[in-house]
Structure formats: C-alpha cells, structure tokens
Amino acid sequence: MSAQLTVHRSGEPVVVAVGTTAAELFADDRDVVVARVNGELRDLSRVLAEGDEVEGVLISSEDGLAVLRHSTAHVMAQAVQQHFPEARLGIGPPIRDGFYFDFDVERPFTPEDLKTVEKTMQRIVKEAQRFERRVVTDDEARAEMADEPYKLELIGLKSSAGDAADGADAEVGAGELTIYDNVRRDGTVAFKDLCRGPHLPTTRLSGNGYSLLRSAAAYWRGSEKNPQLQRIYGTAWPTKDELKAYQERVAEAERRDHRRLGTELDLFSFPDEIGSGLVVFHPKGGVVKREMEDYVRRRHIEEGFDYVGTPHISKGGLFETSGHLPYYEDTMFPAMELENSKYYLKAMNCPMHNLIFRSRGRSYRELPLRFFEFGSVYRYEKSGVVHGLTRVRGLTQDDSHSYVTTEQAPAEIRHLLDFVLGLLRDFGLDDYYLELSTRGDSEKFIGSDEEWAQATAVLEEAALGTGLELRPDPGGAAFYGPKISVQARDAIGRTWQMSTIQYDFNQPARFGLEYTSADGSKQQPVMIHSAKFGSIERFFGVLTEHYAGAFPPWLAPIQVVGIPVADAHVDHLQAVAAKLKARGIRVEVDAADDRMPKKIRTWTKQKVPFLLIAGEEDAAHGAVSFRLRDGSQDNGIPVDEAVERIVDAVQRRVQV
RNA sequence: GCCCCGAUAGCUCAGUGGUAGAGCACUUCCUUGGUAAGGAAGAGGUCUCGAGUUCGAACCUCGAUCGGGGCUCCA
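Nothing here was measured: the structure is a model prediction, and the numbers come from that model.

Moving on, we come to the overall build of chain A. Within chain A, the regular secondary structure consists of 19 helices and 33 strands. When burial is assessed residue by residue, chain A has 50% of its 656 residues classed as buried. Of the roughly 30,000 Å² of accessible surface on chain A, 48% is carried by carbon and sulfur atoms. Counting 80 positive and 102 negative side-chain charges, chain A places the averaged centre of each group 3 Å from the other.

The structure is reproduced here in structure tokens:
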C-alpha cells in the first residue's frame with residue numbers, strides 16, 4: 001500500500017504522506033496563509049494530491065492581503081449579524097487597502113454601530129474560529145441560504161459570475177458552490193456564508209490590524225435600478241505597524257486635500273450663491289492659474305497650434321450636428337429659449353472648432369491644422385458627483401483639435417503624446433502610464449467596426465512607441481472614437497487621469513469637413529482631440545495636492561517675502577524687493593507690527609518658497625538671509641546674488 | 001439622481017427649548033525683537049434660507065440651498 005505521494009513545493013519535489021494538507025507542508029513558515037495549488041489559490045486545509053504544484057502565499061503578498069481582507073470582511077459580517085440578526089448579507093469582497101461588506105438592514109448604520117461591531121470583531125478574532133470550506137450542490141446552497149435572498153440571487157447567477165457586478169465572483173465562482181463555516185474551538189458553527197474563498201486558516205490572523213472606516217449606501221450589484229444596501233468599509237493589514245502606516249497615508253492625503261488648502265492658502269472658493277460645482281479663483285489662486293495658462297498657451301504656440309476663441313453658448317443645432325445632443329442632453333444645462341431657437345451652454349469645444357475649419361476652403365498644404373483654446377464648458381453633473389475642483393459644473397479645457405490627413409494621423413498623435421508628457425513633466429509630474437480606451441458593446445458607439453479598428457490601431461502604435469506602460473480600458477471610449485489617456489501619479493502615489501488624445505473619424509463626416517488634396521480632389525480630414533490637463537480646474541486641484549500647497553517658485557502666488565528683524569530694516573528690504581520686482585518676481589515685505597518669529601511662522605504656513613530676513617548684520621553688509629520652507633537657512637547672501645538665485649529658480653521652474 | 005451625515009464669527013469648532021461661546025485671523029495700542037505664536041484692548045454672528053410646532057426655536061418638524069462620505073455616472 002502506498003501511503004505516500006509526491007508534490008512539488010515551489011518547484012522542488014517533496015514526498016509527503018497521503019492526506020497531507022498544504023498547512024502541514026508550510027508548517028515551517030507562519031507567514032504562509034494560503035496556498036497556490038496548480039495555479040489556483042486554495043485554503044491551507046486543502047489536502048494535497050499526487051503531483052500537485054504547491055506554493056506558499058505570504059500574508060504580505062498581493063494575494064495574501066486580499067485573502068486577509070476578505071476573511072476580515074467575513075468577521076465583520078458575523079459581528080454585524082450578531083448585533084443585527086435581521087441584516088441580510090450582500091457581497092463582501094476585498095478592495096484596495098481593505099474590504100467592504102453590503103447588508104440589507106432596516107436602518108442605516110450609525111458611527112456608534114461601527115464601534116460596537118468593531119468590538120465584537122475583536123471577540124471573534126480572539127475565538128480563533130476556523131474557516132471551514134464545504135462543497136454544496138445548488139439545492140443544498142438554496143436550502144441553507146433560504147433566509148439570504150441576495151445569496152440566492154447569486155446562486156442563480158453563478159454560471160455567469162464573470163459578468164456579475166464587481167465583487168460578486170468573490171462569493172460564487174464559476175465552478176462548484178462552497179459555503180464557509182466559521183467554527184469555534186468547541187466545534188459549534190458561529191457563522192456561515194456562501195463564498196468561493198479561499199480564507200485564512202482562522203479569524204485570529206485578522207486581529208493584527210483592522211479598522212472599520214465608514215458606512216455608506218451602495219446599489220445591489222452596482223445598478224441604480226436595484227435596491228440600496230448599507231455598505232461598511234474597513235481596512236485590514238498583517239501588522240499593527242502597517243495599519244498605522246495606512247492611517248498615516250490617509251491623514252497625509254487629508255492634509256493635502258485641495259479643498260482644505262484652497263481655503264487655507266486663499267486660492268479659491270465655491271460660493272453658495274453661485275451654485276454647486278462652480279468655482280471662483282481668488283487673487284492668489286488667480287496667480288497660479290494664470291502662470292499655468294500663460295505657460296501652456298506659449299507651449300502650444302511653440303508646437304504649431306493656432307490660438308482661437310469661441311463663445312460659451314450656441315444654438316442646439318450645432319450639437320445635433322456633432323452628435324453630442326442626442327447622447328448627452330441630460331448632462332448639458334437645459335436649453336434657453338430665445339428668438340425661436342434653443343440655446344445651450346456648450347459642454348464641449350470641438351463643434352465650434354469645426355466651424356472655424358469649415359469657414360473657408362482648406363488646402364492639404366495647411367495640414368496639420370491645429371486649433372487651441374482655453375474653452376470654458378458647462379456640464380450638468382449629477383448633484384452627488386460634484387467634488388472640489390476635480391468634478392465641477394463649469395470648467396475650462398485646454399482643448400485642441402488637430403486636423404490632419406489620414407497619413408499624418410500617426411505622426412500627429414505621437415507629436416501630441418510627446419507634447420503632453422513634456423508639459424506634465426514641466427509641472428513636476430513625471431510618473432505616468434497610458435490607458436487605451438476602446439469601443440465597448442454599448443449602443444452609444446457610432447461608426448463602423450473598420451473605422452474603430454483602424455483608429456485604435458493608430459493610437460495603440462503611438463502609445464507603445466513612448467515605451468510607457470499601456471493599460472487597456474475596453475468600453476471606455478467616447479462615443480465617437482477611441483482615446484489614449486495619460487494617468488499621472490502624484491507625490492503620494494495616487495493616479496489621476498490628465499491628458500486625453502482622441503482619434504475622431506465621426507465629426508469630420510458629420511460636419512462635412514474637407515480639404516483639397518494635391519490632385520485637386522476633396523478629402524476628409526481626420527480630427528484629433530487633445531486636452532493636456534483635461535481641465536484647468538482639475539489640474540489646479542491635482543497640482544495643489546501633488547505639492548501639498550508648496551508650489552514651486554514659478555507657480556507660487558507669492559514667491560518671496562521680506563521679513564525685517566526690526567522696523568529699522570524695512571527700507572533695506574524694500575530696496576531688495578524693488579530689485580526683485582524689476583525682475584518680475586512676486587515679492588512682499590512684511591512691515592507689520594508682529595515679531596519676527598511670528599512672521600516666519602505666518603509665511604511658512606503660507607508656504608512661500610523664499611523668506612528673506614534682514615537685520616542689523618545683513619543690512620550693514622548689503623545682504624539678506626534666506627529661509628526656505630524646510631526651515632533651512634542661508635545667511636549673509638549679497639543682495640545681487642540673492643536676486644539671481646531667486647530669478648534662476650523661477651526661470652528654471654525647479655522646486656525648492 | 002439615490003442613501004446617510006452635516007451647516008453657529010473670515011477659518012476651525014464648542015454649545016443649549018428661555019441674554020451667543022472659544023482658539024486662530026482681523027483692528028488699535030504697548031512692545032524694536034536674528035529664524036514657527038510678545039502683551040493688552042476692541043470689533044465681528046438674522047446661529048444657511050423658508051415654512052411649521054411652541055408662550056418662546058439657533059436648538060424640535062418639514063422643505064429648499066450648499067457641503068461631506070459612498071453608489072451610479074464622468075463626451
């Protein structure tokens with residue numbers, strides 16, 4: 001009789017007894033929480049079979065963290081049902097940095113409820129309940145989950161779980177159905193849930209670092225046609241230190257929140273009187289915005305764009321022609337009726353640029369023809385989505401449209417890509433990847449398959465040519481054509497969609513755009529849409545968070561503040577300030593009655609890049625003393641040298 | 001748009017069915033001080049708006065507006 005079999009542990013053959021579990025194989029490594037058996041994640045309790053390829057999955061690995069978070073979600077669900085026996089279970093998948101679980105409850109959870117649930121979770125963790133996997137038939141699952149209507153729905157869906165809402169496949173895989181029991185040490189079952197798994201060996205491993213974050217409503221299976229469930233979000237980490245580090249990251253993100261900094265630094269505000277999602281820039285924010293715009297306008301002109309201007313409002317027929325109105329009427333501000341016409345605030349600039357193209361005959365000699373403007377558009381975003389500067393109802397796009405021949409399109413797209421990446425770099429964003437948004441199944445996409453395939457191929461080739469990472473985004477295209485977008489990572493690792501480049505074969509046809517080619521025939525140009533920042537407002541918000549309000553000198557609202565040690569030194573600093581002003585530097589001298597340390601505190605909090613301090617010593621030697629935002633000092637610098645140093649930092653657009 | 005939460009001084013926030021509070025900021029005065037808060041006095045609020053309940057509402061109810069967290073959406 002053969003009581004032994006051979007498996008491969010991380011590729012190495014190992015002879016083990018029949019009935020050996022993965023847990024036993026990895027008994028020497030306590031950080032292994034789940035096993036990968038023949039490529040599939042399995043519970044450690046899995047009994048190994050002859051020839052299995054087995055790898056230990058560490059709790060700190062991406063898969064390990066997902067399992068930890070999923071299991072922690074189960075712990076939370078058990079705690080919730082303990083306090084709210086009527087709570088029906090939705091789904092509870094792991095997500096980035098944590099997990100959530102949806103519940104159908106009679107009343108929404110309160111912050112106090114979360115505290116109670118969190119405490120109960122501690123008890124469950126301490127009980128070290130085992131996660132036990134059990135295969136069931138559909139009928140058995142239906143019987144056991146008779147009180148869980150949402151689970152029953154999932155059972156019905158399991159064959160198409162791949163198409164189900166995000167997270168549903170964590171509950172039911174495409175194969176056999178399983179139920180996980182949470183078993184106490186005395187053998188009693190504390191909780192069970194229909195779940196694909198795998199799970200941690202016991203609840204104890206969740207205990208090192210979890211925290212419930214917030215509760216919110218979420219539509220069942222992600223559709224607003226479905227009832228809303230109450231979702232609780234939590235975070236979970238292998239160690240307390242990692243939990244703390246996560247909480248610190250969240251706190252840092254809050255400190256950088258552009259809405260907070262916008263108030264603290266007096267950059268912009270959203271007056272109630274104007275309306276939701278409509279921003280006003282204050283003088284200091286106006287400086288940053290103007291510097292951004294001036295630079296971007298100059299760069300566009302250098303890159304061969306013509307600066308144009310168009311109105312904010314138009315008759316509806318224009319947007320009928322472009323095809324926008326049928327698709328997006330409900331996200332446009334409602335029409336104004338006047339002189340028997342319907343006028344709309346524009347939600348996009350391209351139709352107006354098309355009219356400029358069409359205003360006279362065009363020759364192939366003019367192509368590529370590139371129109372650019374800061375075009376203000378208005379979009380009636382749903383009330384629940386308006387958010388700071390990143391999602392507004394009135395925004396200004398740095399929008400351009402390149403009209404090219406089909407042959408010129410690849411080079412133009414490459415040109416645009418290089419241009420936008422260079423621009424982003426100039427603003428201090430130098431870590432990005434690209435996304436290729438393509439046609440989906442939806443009805444909204446217009447144009448033939450061939451056109452889409454060709455346009456997508458052109459974009460893809462240009463994107464690959466940059467050598468940057470390219471991620472697919474199926475179904476993410478605009479209705480009229482595919483797009484490349486640049487996703488930039490900011491100083492704390494978050495990504496933002498910035499620039500977009502779209503290949504459009506539809507609008508030239510809809511507008512009847514044409515140029516005369518070398519052989520005298522009329523040809524239809526291809527149109528390439530491109531926004532570099534997306535919107536000025538949004539980019540302003542992203543930059544504010546990226547720099548945590550400490551803008552590089554060329555963007556800083558106030559670049560230099562002179563701080564006298566005493567009143568007697570004000571004149572000396574005024575003279576320095578005059579020299580700086582003559583060089584175009586934004587400088588102030590703080591002659592107020594405060595003591596010097598107070599002034600340093602005030603202007604440091606305002607994140608002014610250069611503080612120039614002068615007292616007896618500096619004044620006597622025709623010098624100033626630098627104090628930078630990090631607290632470092634550079635004393636006794638001759639005035640002319642100080643001026644050059646500041647001018648140089650501004651001109652080179654460096655951060656200090 | 002949907003669910004939940006919120007709105008008190010310029011900002012951050014206490015507060016309670018019966019006279020409106022703090023810190024910072026602001027103004028004035030004293031202080032002339034070398035690297036993140038010197039001292040004193042003062043001014044500042046229709047407690048978001050509208051209706052209702054009440055002898056009485058900033059507080060309780062309803063609605064609106066704006067904001068926050070999510071969901072859905074994002075040309």
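What follows continues from the structure just given.
This paragraph deals with the environment of Arg 107. Within the element layout of this structure, Arg 107 appears in the loop between strand S8 (98-104) and helix H3 (111-126). The partly exposed category is assigned to Arg 107, whose relative accessible area is 43%. Here the alpha-carbon distance between Arg 107 and Gln 230, two residues 123 residues apart in the chain, equals 8.6 Å. Setting aside residues up to four positions removed in sequence, Arg 107 forms contacts with Phe 84 and Asp 113.

A word on the packing of helix H16 (residues 570-582) against helix H19 (residues 639-651). At a minimum axis separation of 10 Å, H16 and H19 run at an interaxial angle of 40°. Viewed along their axes, H16 and H19 adopt a mutual orientation that is oblique. In the packing of H16 onto H19, the handedness of the crossing is right-handed. Here H16 contributes His 572, Val 576, Lys 579 and Leu 580 to the contact with H19, which in turn contributes Val 639, Asp 640, Val 643 and Ile 646. Of the residues that constitute the contact of H16 with H19, the class distribution is five nonpolar, one polar and two charged.

Glancing now at helix H12 (residues 409-426). Helical geometry note: an α-helix holds 3.6 residues per turn, so side chains three or four residues apart project in the same direction. For H12, spanning 18 residues, the distance from its first C-alpha to its last is 25 Å, which sits close to the expected 26 Å at 1.5 Å a residue. Within the span of H12, buried status applies to Ala 409, Glu 412, Ile 413, Leu 416, Leu 417, Phe 419, Val 420, Leu 421, Gly 422, Leu 423 and Leu 424.

Attention now moves to the pattern of salt bridges. Taken as a whole and assessed by the stated rule, the structure comprises 41 salt bridges. For Arg 586, the salt bridge identified is with Glu 291, shortest N-O distance 2.7 Å. One end of the pair, Arg 586, is in the loop between H16 and strand S30 (587-589); the other, Glu 291, is in helix H8 (residues 283-302), with 295 residues separating them in the sequence. What makes Arg 586 buried here is its relative accessible area of 16%. Residue Arg 471 pairs with Glu 469 through a salt bridge whose shortest N-O separation is 2.7 Å.

Counted according to the given criterion, the structure contains 32 aromatic pairs. Judged by centre distance (5.4 Å) and plane angle (70°), the ring pair of Tyr 295 and Trp 554 falls under edge-to-face. Here Tyr 295, found in helix H8, pairs with Trp 554, found in the loop between helix H15 (536-546) and strand S29 (560-564); they are 259 residues apart in sequence, far enough to count as distant. For the residue pair Tyr 295 and Trp 554, the accessibility class agrees, reading buried in each case. Each ring, one from Tyr 503 and one from Phe 505, has its centre 6.5 Å from the other, and the planes form 50°; the classification is tilted.

Take unusual backbone geometry next. The step from Gly 197 to Pro 198 runs through a cis peptide bond, and the omega angle for that step is -5°. Structurally, the position occupied by Pro 198 is in the loop between strand S11 (189-194) and strand S12 (210-219). Residue Pro 368 is bonded to the preceding Leu 367 through a cis peptide linkage, with omega at -5°. Considering the arrangement of structural elements, one finds Pro 368 in the loop between helix H11 (350-358) and strand S20 (369-378). A positive phi angle, close to 55°, is found at Arg 653, a residue other than glycine. Looking at where Arg 653 falls in the secondary structure, it is placed in the segment after H19.

The element strand S25 (residues 495-504) is largely enclosed, with a buried count of eight among its ten residues. Sheet topology note: the strand S24 (residues 483-489)/S25 ladder contains six bridges and is antiparallel. Counterpart to Gln 487 in the pairing with S25 is Gln 497. What sits between the antiparallel neighbours S24 and S25 is a turn of five residues, in which Gly 493 has the positive phi angle 85°.

This part is about the pairing of strand S3 (residues 32-37). The element S3 is extensively covered by neighbouring structure, given that five of its six residues are classed as buried. Here S3 runs beside strand S5 (residues 53-58); their pairing, made up of five bridges, is antiparallel. Bridged to Val 37 within S5 is Val 54. Here S3 folds back onto strand S4 (residues 40-42), and the loop between the two strands holds two residues, one of which, Asn 38, carries a positive phi near 50°.

Moving on, we come to the environment of Thr 500. With respect to the helices and strands, the residue Thr 500 is situated in strand S25. It is 7.7 Å that separates the C-alpha atoms of Thr 500 and His 529, two residues lying 29 residues apart in sequence.

Okay, the confidence of the model for chain A next. Model confidence for chain A is summarised by a mean pLDDT of 91, while 97% of its residues fall at 70 or above. For chain A, the element scoring lowest by mean pLDDT is strand S1 (residues 4-9), at 87; H19 scores highest, at 98. Low confidence marks residues 160-166, where pLDDT is under 50. Its contacts with residues over four positions away, or in another chain, come to eight contacts. Reported confidences for the modelled complex are a pTM of 0.90 and an ipTM of 0.93.

The rules behind each value
Residues numbered from 1 in each chain as written. Chains lettered and ligands numbered in written order. Predicted model: local features only at pLDDT ≥ 70, side-chain atom pairs only at ≥ 80, totals over all residues. Heavy atoms only, no water. Helix = DSSP H or I, 4+ residues; strand = E, 2+ residues; numbered from the N terminus. Buried < 20%, exposed > 50% of the residue type's maximum accessible area, 1.4 Å probe, protein only. Areas by Shrake-Rupley, 256 points an atom, 1.4 Å probe, with all protein chains shown as cover. Lys, Arg positive; Asp, Glu negative; His and termini not counted. Charge placed at Lys NZ, Arg CZ, Asp CG, Glu CD. Contact = heavy atoms within 4.5 Å. Axes fitted to C-alpha atoms, helices over the stretch in contact; angles between N-to-C directions. Parallel < 35°, antiparallel > 145°, perpendicular 65-115°, else oblique. Left-handed = near helix turned anticlockwise from the far one by under 90°. Nonpolar A, V, L, I, M, F, W, Y, C, P; charged D, E, K, R; others polar. Expected span 1.5 Å × (residues − 1). Salt bridge = Lys/Arg side-chain N within 4 Å of Asp/Glu carboxyl O. Phe/Tyr/Trp six-rings, centres within 6.5 Å; stacked < 30°, edge-to-face > 60°. Pairing = 2+ DSSP bridges. pLDDT = per-residue confidence, 0-100.

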